Amino acid sequence: MEKPEIWCQLQGAIIQFFQIGSFGWVLCIALSLYLTIVKNRTFNLDITWFFKFFHIGVWAFAALDVGLAFYLKAFGNANTGETLSWCWIKAGADAVKMELYFAPFLLVLVFNIAIYLRVSRTIVKVVKNPALRGRATHRMLLYMLVFIFCIGTGAINRIQSWATGRPLFWLHVCDAIASPSQGFLNCLVYGMNKQLRTKWKDVLSCRGRNYSSSSGRLEANPGDDYRFGGKDPLIRSVNVDSNEED
């Protein structure tokens, strides 16, 4: 059954808005790593100061992208075959897809590759512990793999549908699984370091050394900042080694 046009356009706009927003947050993760490891910024002062600008930049760009798509009347039925019907950028609006979806995707991909190569070089240069250095460069690779898996799967699906005119059901299933999992996978790679895992165990077991029986909650140590893995041994080691070289 055909969806009313206004609801189809709204669904397409929501998909586009948060998809472009996810590109922006992947870029922000890369910038945070660059500022922390290469520029040796501190989380408590410098990085958190950038958070408001991350929000403004990401959501403003996503809104601009969606606004342009609305202006071009690009949202609607994206069906390119006979068996699947879904709402996004209209079938046949290939130029709009390239300009408003694939171009941002490729720009973020190239930018992130450049940032992660730069960060990896810094890690190899300043981290003295071979085990820690290997773990750090491995995490750099995981960042890129998560982005390529989550966004690349959808890109392959859309390119295949556009090129052949016959969408493949299994590709749509992969796209439906990969794309929504990006935030969760980024959380696992970026935030679940050893210190955070220990804190979670303390919270769940209610017997951590900082657990307060009177307040019924886990008390943080002075100076602890676990946002973006602020006490991650990777970041701490890079910063300490960098300071020792100065």
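In this text, all values refer to a predicted model and were calculated from it rather than measured experimentally.

A. Structural detail: the side chain of Q182. Tracing the chain through its elements places Q182 in helix α6 (residues 182-191). The exposure class assigned to Q182 is buried, which follows from its relative accessible area of 4%. A polar side-chain atom of Q182 sits 3.5 Å from a polar atom in the side chain of S22. Here Q182 is in contact with S22, V26, V146, F147, C150 and I151, once residues within four sequence places are set aside.

B. Local environment of empty space enclosed by the protein. In total, this model carries two cavities of 30 Å³ or more according to the counting rule given. Estimated volume of the second largest cavity: approximately 40 Å³. Lining the second largest cavity are V26, I29, Y116, Y143, F147 and N186. The class makeup of the residues in the lining of the second largest cavity is five nonpolar, one polar and no charged.

C. A look at the confidence of the model for the protein chain. Looking at the protein chain as a whole, the pLDDT averages 75, with 75% of positions reaching at least 70. This model gives residues 237-246 a pLDDT under 50, and the stretch forms 18 contacts once residues within four places in sequence are excluded.

D. Examining the state of the cysteines more closely. One pass over the structure, following the stated rule, counts one disulfide. Across the disulfide from C8 sits C87; the S-S distance is 2.0 Å. An S-S torsion of about -110° defines the bridge between C8 and C87 as left-handed. Here C87 lies in strand β2 (residues 87-89) and C8 lies in helix α1 (residues 5-38), a separation of 79 residues in the sequence. In this structure C87 comes out as buried when scored by relative accessible area, which is 3%.

E. Here's a closer look at the packing of helix α4 (residues 130-164) against helix α5 (residues 169-178). One can describe the packing of α4 onto α5 by two numbers: an axis separation of 8 Å at closest approach and a directional angle of 150°. Overall, the two elements α4 and α5 adopt an arrangement that is roughly antiparallel. Once α4 is placed against α5, the crossing between them reads as left-handed. Here α4 contributes F149, C150, T153, G154, I156, N157, R158, Q160 and S161 to the contact with α5, which in turn contributes L171, H172, C174, D175 and A178.

F. Broad picture of the packing of aromatic side chains. Per the counting criterion, the structure on display carries 13 aromatic pairs. A ring pair is formed by F51 and F54, whose centres lie 6.4 Å apart and whose planes are at 40°; its orientation type is tilted. Residue F51 and its partner F54 are located together in helix α2 (residues 43-71), separated by three residues, close to a single helical turn. Owing to a relative accessible area of 7%, F54 belongs among the buried residues under this scheme. Judged by centre distance (5.7 Å) and plane angle (35°), the ring pair of F105 and F147 falls under tilted. One end of the pair, F105, is in helix α3 (residues 94-126); the other, F147, is in helix α4, with 42 residues separating them in the sequence.

G. Structural context of a positive patch on the surface. A grouping of K39, R118, R121 and K125 is seen on the molecular surface, where their side chains present a positively charged patch. Position of K39 relative to the elements: it lies in the loop between α1 and α2.

What counts and what doesn't
Residues numbered from 1 in each chain as written. Predicted model: local features only at pLDDT ≥ 70, side-chain atom pairs only at ≥ 80, totals over all residues. Heavy atoms only, no water. Helix = DSSP H or I, 4+ residues; strand = E, 2+ residues; numbered from the N terminus. Buried < 20%, exposed > 50% of the residue type's maximum accessible area, 1.4 Å probe, protein only. Polar contact = N/O pair within 3.5 Å; in protein donor to acceptor, adjacent residues only side chain to side chain. Contact = heavy atoms within 4.5 Å. 1 Å grid on protein atoms, 1.4 Å probe; cavity = no way out; pocket = protein on both sides within 12 Å on 5 of 7 lines; lining within 4 Å. Points joined across faces, edges and corners; volume = space filled by probe spheres on them. Nonpolar A, V, L, I, M, F, W, Y, C, P; charged D, E, K, R; others polar. pLDDT = per-residue confidence, 0-100. Disulfide = S-S within 2.5 Å. Axes fitted to C-alpha atoms, helices over the stretch in contact; angles between N-to-C directions. Parallel < 35°, antiparallel > 145°, perpendicular 65-115°, else oblique. Left-handed = near helix turned anticlockwise from the far one by under 90°. Phe/Tyr/Trp six-rings, centres within 6.5 Å; stacked < 30°, edge-to-face > 60°. Patch = residues over 30% accessible without salt bridge, like charges linked within 9 Å, V, L, I, M, F, W, Y side chains within 5 Å. Areas by Shrake-Rupley, 256 points an atom, 1.4 Å probe, with all protein chains shown as cover. Salt bridge = Lys/Arg side-chain N within 4 Å of Asp/Glu carboxyl O. Lys, Arg positive; Asp, Glu negative; His and termini not counted. Charge placed at Lys NZ, Arg CZ, Asp CG, Glu CD.

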